[in-house]
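# Remarks on the overall topology
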Amino acid sequence: MSDRRLGRLLKNGLRNAALCWSLLILVLTSGIKFLLLGWYTWAFMSFSMFVITVLPVVFRKDMKSLVPWEILFIAVFPVVSRLFITDFNVSSFVGYSAVAALSLIIGVELQMFTEVRMTDGFASFFVFVMTLATAGFWALVRWSSDLLFGTVFITELYYLMVEMVVAALSGIAAGVFFNLYFRYYKESKRFVRRGGHV
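A few points on the structure. (Residues numbered from 1 in each chain as written. Predicted model: local features only at pLDDT ≥ 70, side-chain atom pairs only at ≥ 80, totals over all residues. Heavy atoms only, no water.)

### What to know about the environment of Gly175
- In this structure, Gly175 sits in helix α6 (residues 157-188).
- Linking Gly175 and Gly107, residues 68 residues apart in sequence, is a C-alpha distance of 9.9 Å.
- Apart from the residues within four sequence positions on either side, Gly175 is in contact with Ser124 and Val127. (Helix = DSSP H or I, 4+ residues; strand = E, 2+ residues; numbered from the N terminus. Contact = heavy atoms within 4.5 Å.)

### Concerning the packing of aromatic side chains
- One pass over the structure, following the stated rule, counts four aromatic pairs.
- When the centroid spacing of 5.7 Å and the interplanar angle of 40° are considered together, the rings of Phe34 and Trp42 count as tilted. Here Phe34 matches Trp42 in class, with each residue buried.
- Following the ring pairs from residue to residue traces out a cluster consisting of Phe34, Trp39 and Trp42. (Phe/Tyr/Trp six-rings, centres within 6.5 Å; stacked < 30°, edge-to-face > 60°. Buried < 20%, exposed > 50% of the residue type's maximum accessible area, 1.4 Å probe, protein only.)

### Re the environment of Thr29
- Along the chain, Thr29 falls in helix α1 (residues 3-37).
- Note on Thr29: relative accessible area 47%, which makes it partly exposed.
- Linking Thr29 and Ala43, residues 14 residues apart in sequence, is a C-alpha distance of 9.8 Å.

### Examining the nonpolar core
- Counting 44 residues, the largest nonpolar core has Met49, Leu72, Val79 and Ile105 as the members making the most contacts within it.
- Counting residues per element, this core draws most heavily on helix α4 (residues 88-113), at twelve residues.
- Not counting residues up to four positions away in its chain, the partners in contact with Leu72 are Cys20, Leu23, Leu24, Thr53, Val67 and Ile105. (Core = buried A, V, L, I, M, F, W, Y, C linked by side-chain atoms within 4.5 Å.)

Below, the structure written as C-alpha cells:
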C-alpha cells in the first residue's frame, strides 16, 4: 500500500470517527432528555442505539471501529426529531423509522466487524425482518402488560395494525437504503470489513 493511500485511509477513518462520536453524544444527550421527560421507551431506544453502536469499539479496543457516519446519521435523525414531534401518527412513523435504522446499524456492523457475509438481497431482507420482529415483540410486551398489570397501552386493534403497517414500510425503506448503500460502497471500495475485505 502506498504512503498516499495509507494517509488517505487514516484521514477518512479519523474523520468518520469524529463525526460518529459527535452523533453518539447527540443521541446520548437525547436519551437523557427522554428520561427526564418520562418517555422511557424513547430513552431505552436512545441508550440501546448508543450501546449497539459502540460495541465494536469495546471489543476491538479501537475508537475508530464505528459504522460509516452516514448510516449513524440516518439512525440518529428520527431519535432527535422525536423531541419536536407531538402528532401520534407522525411519532409512530418516526419511532419505527428509528427501529429500522437500528436494524440497519446491526446489519452494517455484522458486515464490517464479523465474519458474517451477506448478499445485497439478504441484507435488505435482514433489516426488514429485524424491524418487523422488533415491532411484534414490542406489541407483545404491551399486550402482556395490559393483561397482567391492567395498563392500557393497546386500546384498539386498528391502531395496532396501523403500527404494524408503519413498521413494515419503515423496514422496507431501510432495507432498500441498505441495499443501495451496500452496492455503492462495495464498488467504491469504502464499505470494507475492518482489517479485511468485503
